Amino acid sequence: MLKRSAIFLHRWLGVALCLLFLLWFPSGIGMMYWDFPGVTAGDRLDRSPALDSSAIRVSPAEAYAATGQSQLPSQVRLNTFDGRPVYRFRAGRGETLVYADTGARQTEVSKDVAARVASAWVRQPSEAATVETLTDADQWTVEGSFRSQRPLSKYSWPSGEQVYVSQASGEVVQYTTTASRVGAYLGPIPHWIYFTPLRKNQPAWSRFVTWSSGIGTFAAILGIVIGVWMYSPSKRYRVAGASMSIPYRGQKRWHTIIGLIFGVGAATWAFSGMLSMDPFPAMSARNPADIPQALRGRVVPLPAFAVRDPREALAQLGNEAVKELELASVAGEAAYLATISRGDTRVVPLAGPPRAEFDRQRIVDLVSRAAQPHGLAEIRMADRYDVYYLDRLKQKPLPVILARLNDAEHTRYYIDPKTARVVGSYSSRAWMSRWLYHGLHSLDFPWLYDYRPLWDIVVITFMLGGTALCVTSLILAWRVIGAYFFGGGVQRAGLSAGPLSR
């Protein structure tokens, strides 16, 4: 009776979920090679012009006075906006822009400014673009982070390039091409269930993904249990005149065999996918912030930069095409951090010549003091990725300073000596995210992850096995639906009896 009830439940769960799983598995292959379109701070710098020192006529202190703020800023960056040098001051959550050529604040974004920003991004005339104003989400702006940026001006060129400019900030917040949109439809959109009507309703989307992946996990485990029940190497069944260890033939037999081979992978993949929605927030990592704050401090000491203004710092770098100057305080030392290109930086101290990175020993000493009262279990240079700091695209910086604390949570920090920023961290509170989510979902185990195309072959094999499991499940589900609704109900659907041979 228990076995029959399990078969009944598994078949109807298959009816409900097989289409969803058929979206998830093939799109998992797409996720290996295509991501959802997006714009990062690095993208903006790559497409912005280099700073022109002759255009910088206002000092950082004078520019900050124009903001009307009394407390020192937590971050100061000098880059370009609409082709002009601009200081970006961050105090709290807000950011204020002050032009470095006039000292005027950037307060509004006109249509002409937005058009110039979009045109500069793609290096095409704005007159050739079709312009729309978006007050609601479309397929490429469904994430919650876009809400504060609306309304958006969307510029579409005949080449297929689309640029979204925030009418609030004047920044490019989204950029897509024909290729990136096709890639998204092959990977992230079906895999994350990023269909606009559902995704723009964040609570409903979150519940749908959590519950469907949770039920899918249960259905996969139930299928494994049934398959083990049915499979008996010692017991032989007579099926269509033949002796078999599985009491099925045709699609049912294939479904059982594939389920026995790939069922565990399907169950762990569905479960790890559910963890991506953070259904157990109590297990989320909450690393202490002492070391990042000790490295960079809480505020930027603007008066200290009076001894060397940004023009002098740029002159020190000679012919380098500097995209951004960050005014930073690192280990108590005020210095400029110049970004020349993505991943390429220079440190310009207030006294002395530029150098490639901050003083490593000074960082080590500071981290050692900040790690008290627990102390450090280990601190060393790491020149390769490890179990907790890895990147399939090899874009995360190396070498880094690895600081492992002697606390109860075995906290780790990975510090880039070129920028004195924490570029990675881990504590034992994050074990669920690291191993049950990333480990099981992406198979990012170093012994496999570091060897390509071996990783690709293994993951694609699992995805194809899961897809085959879904296809056979879909065929059997159609038979159940057809028999139940068009052929006489439960008895004709084969849901009231034990194993069927057809």
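Details of the structure are given in the entry above.
Quick summary incoming for the structure in this document.

Calculation notes
Residues numbered from 1 in each chain as written. Predicted model: local features only at pLDDT ≥ 70, side-chain atom pairs only at ≥ 80, totals over all residues. Heavy atoms only, no water. Helix = DSSP H or I, 4+ residues; strand = E, 2+ residues; numbered from the N terminus. Buried < 20%, exposed > 50% of the residue type's maximum accessible area, 1.4 Å probe, protein only. Contact = heavy atoms within 4.5 Å. Areas by Shrake-Rupley, 256 points an atom, 1.4 Å probe, with all protein chains shown as cover. Pairing = 2+ DSSP bridges. Axes fitted to C-alpha atoms, helices over the stretch in contact; angles between N-to-C directions. Salt bridge = Lys/Arg side-chain N within 4 Å of Asp/Glu carboxyl O. Expected span 1.5 Å × (residues − 1). Bend = angle between axes of the 7 residues up to and from the residue.

## Describing the overall build of the chain
1) Next: The secondary structure content of the chain amounts to 16 helices and 16 strands.
2) Next: Counting all 502 residues of the chain, 48% fall into the buried class.
3) Next: Once local pairs closer than 6 in sequence are excluded, the contacts in the chain between residues at least 24 apart make up 61%.
4) Next: Just so you have it, the chain exposes about 24,600 Å², and 58% of that area is on carbon and sulfur atoms.

## Overview of the sheet that holds strand β15 (residues 412-416)
1) Next: Spatial ordering of the open sheet is given by β13-β14-β15-β16, a layout of four strands whose pairing is antiparallel. With partners counted over all chains shown, the strands left at the sheet margins are β13 (376-382) and β16 (421-426), one partner each. Adjacent strand axes in the sheet meet at a mean angle of 20° when their direction is disregarded.
2) Next: In the sheet, strand β14 (residues 400-405) pairs with β15 via four bridges, with the strands oriented antiparallel. In the sheet register, Arg 404 faces β15, and the bridge partner there is Arg 412.
3) Next: In this fold helix α12 (residues 360-370) packs onto β13, β14 and β15, with an angle of close to 160° to the strand it touches most, β13.

## Remarks on the pattern of salt bridges
1) Next: On inspection of all chains with the given rule, the structure shows 24 salt bridges.
2) Next: Two residues, Lys 154 and Asp 138, come together in a salt bridge whose shortest N-O distance is 3.8 Å. You can see Lys 154 sitting in strand β5 (residues 152-156) and its partner Asp 138 sitting in the loop between β4 (130-134) and β5, a full 16 residues away along the chain. Across the pair, exposure class does not vary: Lys 154 and Asp 138 are buried alike.
3) Next: Where Arg 311 meets Asp 309, a salt bridge forms, and the shortest distance between an N and an O atom there is 3.2 Å.
4) Next: Given the relative accessible area of 38%, Arg 311 is considered partly exposed.
5) Next: Taking relative accessible area as the criterion, Asp 309 reaches 18% and is therefore assigned buried.
6) Next: One salt-bridge network, in which partners are shared between bridges, spans Arg 77, Arg 88, Arg 90, Glu 95, Glu 171 and Glu 324.

## Digging into helix α9 (residues 250-275)
1) Next: End to end, α9 covers 35 Å across 26 residues, agreeing with the expected 38 Å (1.5 Å per residue, within 8%).
2) Next: Of all the bends found along α9, the most pronounced is centred on Phe 262 and spans about 60°.

Without other data, these values stay purely geometric and don't point to any function.
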